[in-house]
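# Survey of secondary and tertiary structure
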Amino acid sequence: MNKTYKIAVLPGDGIGPEVTEAAFAVADAAGARFGFTLEKTAYAIGGAAIDAQGTPLHETVLEACKQADAVFLGAVGGPKWDHLEGAMRPESGLLALRKGLGVYANLRPVRIPEGLAEYSPLKPELLTDVDLMVVRELTGGLYFARPKGPWPTPEGRRSAVDTLRYDEDEIARIAHTAFALAGQRRGKLTSVDKANVLASSRLWRDVVNEIAAEYPQVQLEHMLVDNCAMQLVRRPAQFDVILTENMFGDILSDEAAMLTGSIGMLPSASTGERGGLFEPVHGSAPDIAGKGIANPCAAILSVALMLRLALQQPEAADAIDAAVAAVIKAGHRCADLAAANQTNLSTLEMTNKITEVLG
Ligand code: NAD
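Source: prediction; values computed, not measured.

### Digging into the site of the ligand
Around the ligand there are 20 residues in total, and Val76, Glu91, Gly283, Ala285 and Asp287 lie nearest to it. Backbone polar atom of Gly78 to an oxygen atom of the ligand: 3.2 Å apart, as the coordinates give it. Asn295 has a polar backbone atom sitting 2.9 Å from a nitrogen atom of the ligand. For the ligand, whose accessible area on its own is 800 Å², the fraction buried by protein is 68%. Its residues assigned to classes, the shell around the ligand comprises 10 nonpolar, 6 polar and 4 charged.

Have a look at this one:
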């Protein structure tokens, strides 16, 4: 039977709407091939929502997103709203959305498509077989725990505090996410911490070790974060799934993403108890917005993640990943990745190439 999924679509600002349209052209083509329908409803977020509703994330939009099977976001922000402060900034809409949806696991797959190794800052021989996934805890740790803020000394000198606290449940739920993913991939999990100096990391390690017993097919190793930062540029192909807490993950996921060297190719997912939020890693690219030249691949690969992780359509997700890889391998490029002597494809032309291969 043809299955129907409810998708909340938040195109956002700048190139957000352009790449979102491309992503769903491909997703709908996959639906036609694999027998499912995406019932899409569009909502404003970020600058578009500030203009239309006076707030970057209206409560009715958050409610609609909570009711959907999955949420897709293009990008938010732009110079038009740069003068705004605090909760009125477009990016606040995105943070409120993540918080409101309770998505605690941020997933960033990193793969170097055949033909794009030259964009990486690393030597091509280090990139062979790189296929890793960073699983970052997104709602706890140093960015959220209290106390936080100014902490004047008894003598009145300026001082400030942030708190790094995790409880065992926060660690356990993200560890389950990472073990399950590793089980579906190559079966290796690297848990990254700083257990030699941090008490929260020692708890992290204990809880991850306990949960490992439930996943005998996954090989677990622990790595200190400083070593992981080094290994990511020394021998990135050794990693399958990297699991880590919020701040370490913030830094390591950007480091890992840059192995590819091409922001227009990077997808991401943030998942929680159900559904999830799927978005390209790049921003709204105001410098190229409206020109029809944005690379849609990051958004298209994000929709593939949505099909895989939120909608349990792994075959459709595999087919989209393969179609993007085939089109890149065949030498097709948007302006961001085209060499001087190469023809640039527009967003639409690139999307059409991918849908053609998808069949
Ligand atoms: P950006 O990712 O928007 O752009 C950086 C550079 O990469 C630009 O030169 C841009 O043209 C290029 N680029 C990005 N995506 C591309 C694509 N798909 N195809 C071709 N080229 C692409 O980052 P920025 O310039 O630092 O930020 C611009 C705005 O986006 C800011 O308002 C920022 O706050 C916002 N932003 C939003 C998100 C998000 O919505 N998740 C993430 C990052 C930045």
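### Here's the deal with the environment of Glu273
Considering the arrangement of structural elements, one finds Glu273 in the loop between strand S11 (267-271) and strand S12 (277-280). Residue Glu273 is classed as exposed on the basis of its relative accessible area of 67%.

### Brief notes about the pairing of strand S3 (residues 70-75)
Among the 6 residues in S3, 6 count as buried, and that is most of the element. In the sheet, strand S1 (residues 3-12) pairs with S3 via 5 bridges, with the strands oriented parallel. Note on S3: the bridge partner recorded for Leu10 is Leu73.

### Comments concerning the packing of helix H1 (residues 16-34) against helix H10 (residues 297-309)
In contact at an axis separation of 8 Å, H1 and H10 are set at 50° when each is read in the N-to-C sense. In terms of their interaxial angle, H1 and H10 are classed as oblique. Here H1 runs over H10; the crossing is right-handed. Contact residues: Val19, Ala22, Ala23, Phe24, Val26 and Ala27 in H1; Ala299, Ile300, Val303 and Met306 in H10. Taken together, the residues that form the contact of H1 with H10 break down as 10 nonpolar, no polar and no charged.

### So, unusual backbone geometry
Cis geometry is adopted by the peptide bond preceding Pro147, which originates at Arg146 and carries an omega value of 0°. As for its position among the elements, Pro147 is in the loop between strand S5 (131-137) and strand S6 (149-150). Backbone geometry places Asp129, a non-glycine residue, at a positive phi of 70°. By secondary structure assignment, the location of Asp129 is in the loop between helix H5 (124-127) and S5. The exposed category is assigned to Asp129, whose relative accessible area is 63%.

### Considering a negative patch on the surface
On the surface, Asp167, Glu168, Asp169, Asp206 and Glu210 cluster together into a negatively charged patch. Among the elements of the structure, helix H6 (168-184) and helix H7 (199-212) are those that each provide at least two residues to the negative patch. Looking at where Glu168 falls in the secondary structure, it is placed in helix H6.

### Examining the domain arrangement of the protein chain
Accessible area lost when the parts come together is the quantity often used to give the size of an interface. For the protein chain, the assigned domains read domain 1 (1-109 + 262-359) and domain 2 (121-260). Using C-alpha coordinates to define each centre, domain 1 is positioned 25 Å away from domain 2. Listed as interface residues are 13 residues of domain 1 and, on the opposing side, 16 residues of domain 2. Summed over both sides, the interface of domain 1 with domain 2 buries roughly 1,400 Å², with 62% coming from carbon and sulfur. Three residues, Tyr104, Asn106 and Arg108, lead the burial of domain 1 against domain 2; their summed loss comes to 47% of the area buried on that side.

### Topic: the pattern of salt bridges
Pairs may arise between side chains of opposite charge once their charged atoms sit close together. Using the criterion set out here, one finds 20 salt bridges in the structure. For Arg205, the salt bridge is made with Asp193, and the minimal N-O distance between the two is 2.8 Å. You can see Arg205 sitting in helix H7 and its partner Asp193 sitting in strand S8 (residues 188-193), a full 12 residues away along the chain. Arg205 gets classed as partly exposed once you look at its relative accessible area, which sits at 24%. Classification of Asp193 as buried rests on a relative accessible area of 1%. In this structure, Asp318 engages Arg308 in a salt bridge whose closest nitrogen and oxygen atoms are separated by 2.9 Å. Pair noted here: Asp318 is in helix H11 (residues 314-329) and Arg308 is in helix H10, with a separation of 10 residues, a long-range link. Since its relative accessible area comes to 42%, Asp318 is described here as partly exposed. One salt-bridge network, held together by shared partners, links Arg111, Asp131, Arg185, Arg186 and Asp240.

Rules of the game
Residues numbered from 1 in each chain as written. Predicted model: local features only at pLDDT ≥ 70, side-chain atom pairs only at ≥ 80, totals over all residues. Heavy atoms only, no water. Near = heavy atom within 4 Å. Polar contact = N/O pair within 3.5 Å; in protein donor to acceptor, adjacent residues only side chain to side chain. Areas by Shrake-Rupley, 256 points an atom, 1.4 Å probe, with all protein chains shown as cover. Nonpolar A, V, L, I, M, F, W, Y, C, P; charged D, E, K, R; others polar. Helix = DSSP H or I, 4+ residues; strand = E, 2+ residues; numbered from the N terminus. Buried < 20%, exposed > 50% of the residue type's maximum accessible area, 1.4 Å probe, protein only. Pairing = 2+ DSSP bridges. Axes fitted to C-alpha atoms, helices over the stretch in contact; angles between N-to-C directions. Parallel < 35°, antiparallel > 145°, perpendicular 65-115°, else oblique. Left-handed = near helix turned anticlockwise from the far one by under 90°. Contact = heavy atoms within 4.5 Å. Patch = residues over 30% accessible without salt bridge, like charges linked within 9 Å, V, L, I, M, F, W, Y side chains within 5 Å. Salt bridge = Lys/Arg side-chain N within 4 Å of Asp/Glu carboxyl O. Lys, Arg positive; Asp, Glu negative; His and termini not counted. Charge placed at Lys NZ, Arg CZ, Asp CG, Glu CD. Domains from an automatic or database assignment. Buried area = accessible area lost by both parts, 1.4 Å probe.

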